[in-house]
Amino acid sequence: MSKKAKMQELNRFELRLSGLGGQGIITLGKILGTALALGHGYYVTQTQSYGPEARGGSSRADLVISSHPISYPKTENLDLLVALSQEACNAYYRYLKPNGVLMVDTSMVANTPTNVYKGLPFTTLAKDKIGLVQTLNILVLGAVTHLLPFAGQRRMKKAVEQALPPKIQEINIKAFNLGHREAAKHFGDAPAVWLEAEEMADAEEDTEHV
Amino acid sequence: MAQAKKKRTEIFALGNEAVVEGALIAGCTFYAGYPITPSSEIMEIMAARLPRTPEGVFLQMEDEIGSLGAAIGASLAGRKVMTATSGPGFSLMQEHIGYACMVESPLVIVNVMRGGPSTGLPTSPSQGDVQQARWGTHGDHPIIVLSASDVQECLEMTVRAFNMAEKYRTPVILLLDEVTAHTREKIFLPEPGEYEILERAVPSVPPEWFKPYEDTARGVPPVAPIGAGYRTHITGLTHDPMGYPTQRPDEINTAMHRMFRKIDQFFDDIQLVDEFLTEDAEIGIVAYGSVARSARLAVTKARERGYKVGLITLKTLFPFPKPSVVALARKAKCILVPEMNMGQMSREVKRVNNGATRVRTINRVDGSIITPSEILKSITQV
């Protein structure tokens, strides 16, 4: 394997992060987008949708990731849907591609529309293992990073550090690591359709697994 | 990671952030505004950035009427000024937009369109303010309305908006929609000197010879900044070359025609479009704002299926880029106009088309963007 990681060819990989207002969904989308656009060098568009309420209501962030310039910035057929609330899961499941992956927070989503899904109790993990429920979104980021074959752990963590104030960086990196570890344990590898080449974007970074 | 080659600064930014970057590059030193979703980030970032620049002044005003009033004052005092708002605030600004046209105050108004009428849909996209931007204020008046469809273009068009405002001494409206304003994308910040930055003409004569609204070859009178020693009378009443109210038909006629002429004679410079695969197009699409991006994907997909489709993205909405659209209408058997309103730009397309070809509209007013598949479906149905 060459020293310099080769960028995996992507053609409109569509991803939706959804849940409730206050869960940090848009921050999560912003960090994920920043890391993939600036750290990894992909073309990324991140759009957001939220209600007019100051708090509560639904919230979602959509990302399109591509090796080529992106025309339409929103998503139509999802490769990955992350649902952190039952409502979001119900509303957006139908936008998944036939081979798309559904990732849910099992502590928030009781009924999944299918039994083919990747689930972890993110909210419970953030509360019990990290001790701060607000780290939920970064925990999810860790799990998403594991699942995306073209996303590198180190660069993702760098984006987390750049986006958050120093006071809360450490605890969030802890949450990121936990999310990544749990996902590696329970999710298995990324779906084969997402892997175009044997050579993954960040093969060299796997060695530094914490 | 070996990143050997030198790259331009790239940032992952919102459309609204790009507008601020563009304004600062263009030399904006004054912002007065009142926050409103979905344009609030422009004001937030201006509040953080502008006071750190030399001479930068940021004001939060009591409402949008006051905001534009302050902007007009600062502009006539020699500043490059901007304000940003959305539908409800834009309605409040209409009176002062007319005033700005009459006193010929260079300024940039950003309107990030949201669903209307009234409070409507604060967080949802729309393109319902297109005709309001052109004709919202009363009286015959020329105005320049620009648009942007992606984040890099937000930066570029803001710079152009300032340049046109200064060059033609006129208010320029930059119409964005919620999707463009709230999309994050990787953009390149231009190197200093990469964009041409225009400055307004200032008087070259001594104060006693100065006529504030004198006709010139370009039709654009030089602006003497208030306080620079030049006697300037500013009024919303129709005025003579000295700036004083007049009732004389000959003076009124000259003033009105000069105001229109200063824009009309530079249509080539002002009317900007982006053409995509239009050379052999049998089906034409005319779009603007975020919908143009949907249309672009639809064109790419339709071409793969063998449809000869081309797209004109309007970067200037008014004065309407007639030459490009007419050229498309002459060769296409049908023109599609997708937009997030009940058909405001399609009126203009139909007007210049003048029966040359079929014009079909795709309209959506439910607070959602028109998707590429909707446009693709219409292409296959032509």
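Residues numbered from 1 in each chain as written. Chains lettered and ligands numbered in written order. Predicted model: local features only at pLDDT ≥ 70, side-chain atom pairs only at ≥ 80, totals over all residues. Heavy atoms only, no water.

Remarks on the packing of helix H1 (residues 15-26) of chain B against helix H6 (residues 151-168) of chain B
All names here are of chain B.
Here is step 1: One way to put it is that H1 packs onto H6 with a least axis distance of 7 Å and a crossing angle of 35°. At the point where H1 passes H6, the crossing takes the right-handed sense. Facing H1, whose interface residues are Gly15, Ala18, Val19, Glu21, Gly22, Ala23, Ile25 and Ala26, H6 presents Val151, Cys154, Leu155, Thr158, Val159 and Phe162.
Here is step 2: Considering only residue class, the contact of H1 with H6 consists of 10 nonpolar, 3 polar and 1 charged. (Axes fitted to C-alpha atoms, helices over the stretch in contact; angles between N-to-C directions. Helix = DSSP H or I, 4+ residues; strand = E, 2+ residues; numbered from the N terminus. Left-handed = near helix turned anticlockwise from the far one by under 90°. Contact = heavy atoms within 4.5 Å. Nonpolar A, V, L, I, M, F, W, Y, C, P; charged D, E, K, R; others polar.)

Thoughts on the domain arrangement of chain B
All names here are of chain B.
Here is step 1: In terms of domains, chain B is made up of domain 1 (10-188) and domain 2 (273-381).
Here is step 2: If you average the C-alpha positions of domain 1 and of domain 2, the two centres end up 26 Å apart.
Here is step 3: Each partner contributes to the interface: domain 1 provides 27 residues, whereas domain 2 provides 23 residues.
Here is step 4: Taken together, the connections running from domain 1 to domain 2 amount to 2 salt bridges.
Here is step 5: Of the charged contacts, one joins Glu156 and Lys315 as a salt bridge, the two residues approaching to 3.5 Å between their closest N and O atoms.
Here is step 6: Between the two partners, domain 1 and domain 2, sit 12 residue pairs in polar contact (both at pLDDT 80 or more). (Domains from an automatic or database assignment. Salt bridge = Lys/Arg side-chain N within 4 Å of Asp/Glu carboxyl O. Polar contact = N/O pair within 3.5 Å; in protein donor to acceptor, adjacent residues only side chain to side chain.)

A closer look at the packing of helix H5 (residues 153-163) of chain A against helix H6 (residues 169-186) of chain A
All names here are of chain A.
Here is step 1: For the pair H5 and H6, interaxial distance at closest approach is 10 Å and the crossing angle is 150°. Taken together, the axes of H5 and H6 are roughly antiparallel relative to one another. Of the two possible hands of crossing, H5 and H6 adopt the one that is right-handed. Contacts from Gln153, Met156, Lys157, Val160 and Glu161 in H5 reach Gln169, Asn172, Ile173, Phe176, Asn177 and His180 in H6.
Here is step 2: Of the residues belonging to the contact of H5 with H6, the class tally is 4 nonpolar, 5 polar and 2 charged. (Parallel < 35°, antiparallel > 145°, perpendicular 65-115°, else oblique.)

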